[in-house]
Amino acid sequence: MSLPTCKQAERPTRRGARPAPVKTTGARSRKPVFTVRRSLGIAGFMAPAVLFVAVFIYYPMVSGSQMAFRNWNLNDLTDTSWVGIKNFRTIFDDPVFYTVLDNTLIWVVASIVPQLVIGFAIALWLRRRFRFRFRFRFRGLYQALIFFPWAISGFLIGILFRWMFNSEFGVVNDLLSKVGLIDEPIPWLANPKTAMASVIIANVWYGVTFFAIMILAALQSIPDNMYEAAELDGAGKVRTLFQVTIPYIRATLALTVLLRVIWIFNFPDIIFGMTGGGPSNETHIVTTWMITITQQGDYGKASALGLVVVALLLVFSVFYLMATREKKGARS
């Protein structure tokens, strides 16, 4: 006996009777109907956010970018003519630019590595569970004290450390002299050899919190049975760290490092609060030099330098994401 076809199934059983309605599946019935009214409602809810972003982000971005190709100087606004890539040539011909690039590379690398290592250690310490009879008491207090620096302004941190590294009455020289490490005060911020190290120390202290927060959140997502399985297999702490913990949170580590590199590259607050880019441009990074040029009134040159910063960060982000993606593919 053959099964009836679809047309036969839809045929009425008796003359004049209407065919029974076809029942839709549950998944199909739950699918929202996209109507003009619904689309207008979605557009209405999105319009304020789109307008805000367009007015306060994209318009200043486009307006500032076109300044890079004009003779835009506050000292003489009578001539704002189109000059093409003249401002870029001025930047690349300036020897200070290459000194600033070297300082920026040192600033980023010397800040990101200690922040990652120390932040990782703090996150592991805050997450660990004691396997003894007593618990980790006052964990919330420890977390609050560690995360507190992230709530302070970067410029305020720079002023605080400027007083700490003061050569006459700073606490750093006072402590070093009391323990007998120095015989006379060290001009930390006036000496080109120690000025960059001082601002990096301040930035490390300030940025460790960010890594601790992000890594701690990632560590709390690791199931406990993974550590129990590693312990049953006889894995030690170091092997568990490199074969369980780090591979599990590798994506979070990659994203955190990328965000922090971009942040440090564009973070002039501490440097301006401590040294202002001195002495002799030895602590100037790209963004602090750009602000100095802006203060001098040369908006065209400053805008050109800003586009150079965007290009450098874009190239770094692309290569970094490609490298982390290759590692992920190789691991899988």
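These numbers were taken from a predicted model, which means no experiment stands behind them.

Each helix and strand in the chain was counted, giving 15 helices and 0 strands. Sorting the 332 residues of the chain into buried and exposed places 33% on the buried side. Relative to all contacts within the chain whose residues are 6 or more apart in sequence, the contacts with residues 24 or more apart total 67%. Approximately 22,300 Å² of the chain is accessible, and the part contributed by carbon and sulfur atoms is 64%.

To continue, consider the pattern of salt bridges. As enumerated under the stated definition, the model contains 2 salt bridges in all. Lys301 is the partner of Asp94 in a salt bridge, and the nearest nitrogen-oxygen pair spans 3.5 Å. In this pair, Asp94 is assigned in the loop between helix H4 (86-93) and helix H5 (95-127) and Lys301 in helix H15 (residues 299-331), connecting sequence segments 207 residues apart. With respect to class, Asp94 is no different from Lys301; both count as buried. Across the pair Asp174 and Lys178 runs a salt bridge whose closest N-O atoms are separated by 3.4 Å.

Turning next to the packing of aromatic side chains. Any two aromatic rings considered together are summarised by their centre-to-centre distance and by the angle between their planes. Under the definition given, this model contains 14 aromatic pairs. Plain terms: the ring middles of Trp163 and Phe169 are 5.6 Å apart, the flat faces sit at 25° to each other, and that makes the pair stacked. Summarising the aromatic geometry, the rings of Tyr206 and Phe267 are spaced 5.6 Å apart at their centres and angled 5° between planes, so their arrangement reads as stacked. Placement of the pair is Tyr206 in helix H9 (residues 192-219) and Phe267 in the loop between helix H12 (250-265) and helix H13 (269-274), with a sequence separation of 61 residues.

Here the focus is the confidence of the model for the chain. When pLDDT is averaged along the chain, the result is 81, and 83% of the positions lie at 70 or above. Note that residues 1-13 has pLDDT below 50 and, in this model, 2 contacts with residues that lie over four places away or in other chains. Segment residues 130-134 is flagged for pLDDT under 50; beyond a separation of four residues in sequence, or across chains, it makes 1 contact in the model.

Turning to its location among the elements, Ser153 is positioned in the loop between helix H6 (139-147) and helix H7 (154-164). For the pair formed by Ser153 and Tyr206, sequence separation is 53 residues and the distance between their alpha carbons is 9.7 Å.

Cut-offs and rules
Residues numbered from 1 in each chain as written. Predicted model: local features only at pLDDT ≥ 70, side-chain atom pairs only at ≥ 80, totals over all residues. Heavy atoms only, no water. Helix = DSSP H or I, 4+ residues; strand = E, 2+ residues; numbered from the N terminus. Buried < 20%, exposed > 50% of the residue type's maximum accessible area, 1.4 Å probe, protein only. Contact = heavy atoms within 4.5 Å. Areas by Shrake-Rupley, 256 points an atom, 1.4 Å probe, with all protein chains shown as cover. Salt bridge = Lys/Arg side-chain N within 4 Å of Asp/Glu carboxyl O. Phe/Tyr/Trp six-rings, centres within 6.5 Å; stacked < 30°, edge-to-face > 60°. pLDDT = per-residue confidence, 0-100.

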